[in-house]
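# Summary of the model geometry
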Amino acid sequence: MGQRDRHWASCDAPIDEVAEQVGHADPSFFRRLFGRRVGLTPSQYRRRFRAMRLRLQ
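The shown structure was predicted, so the numbers you read here are calculated from the model rather than taken from an experiment. (Residues numbered from 1 in each chain as written. Predicted model: local features only at pLDDT ≥ 70, side-chain atom pairs only at ≥ 80, totals over all residues. Heavy atoms only, no water.)

### A word on the overall build of the chain
Along its length, the chain carries 4 helices and 0 strands. Within the chain, buried positions represent 32% of all 57 residues. Within the chain, contacts between residues separated by at least 24 positions form 46% of all contacts whose residues are at least 6 apart in sequence. (Helix = DSSP H or I, 4+ residues; strand = E, 2+ residues; numbered from the N terminus. Buried < 20%, exposed > 50% of the residue type's maximum accessible area, 1.4 Å probe, protein only. Contact = heavy atoms within 4.5 Å.)

### A few points about the nonpolar core
The biggest cluster of nonpolar side chains holds 10 residues, and these are Cys11, Ala13, Ile15, Val18, Ala19, Val22, Phe30, Phe34, Leu40 and Tyr45. For this core, the secondary-structure elements that each account for two or more residues are α2 (15-21) and α3 (27-38). (Core = buried A, V, L, I, M, F, W, Y, C linked by side-chain atoms within 4.5 Å.)

### Re the pattern of salt bridges
Under the defined criterion, the tally for this structure stands at 1 salt bridge. Residue Arg31 pairs with Asp16 through a salt bridge whose shortest N-O separation is 3.1 Å. Of this pair, Arg31 sits in helix α3 while Asp16 is found in helix α2, placing the two residues 15 residues apart along the sequence. Take Arg31: its relative accessible area is 32%, and that puts it in the partly exposed class. (Salt bridge = Lys/Arg side-chain N within 4 Å of Asp/Glu carboxyl O.)

### Comments concerning the packing of aromatic side chains
In this structure the tally under the stated criterion is 3 aromatic pairs. With a centroid separation of 5.9 Å and 55° between ring planes, the pair formed by Phe30 and Phe34 is classed as tilted. Residue Phe30 and its partner Phe34 are both found in helix α3; the two are separated by 4 residues, about one turn of the helix. Like Phe30, the residue Phe34 is buried in the burial classification. Ring pairing ties together the aromatic residues Phe30, Phe34, Tyr45 and Phe49, which thus form one cluster. (Phe/Tyr/Trp six-rings, centres within 6.5 Å; stacked < 30°, edge-to-face > 60°.)

### Details of the environment of Phe29
Note that Phe29 resides in helix α3. Given the relative accessible area of 34%, Phe29 is considered partly exposed. Linking Phe29 and Ala19, residues 10 residues apart in sequence, is a C-alpha distance of 8.8 Å.

The values reported here are purely geometric and, on their own, carry no functional implication.
Shown next, in the form of structure tokens:
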């Protein structure tokens, strides 16, 4: 999920749209899969990634 993680964190698209773009027809399944593999919900991941990126700028 590396590329998917980066895509998710770097875009402003809604979860449903991102899920579809990375090949998941069911956004709910995408959220669960993401959470299991990454350890955070997609929203939590996005917030942490953006905060980290802002600190590095």
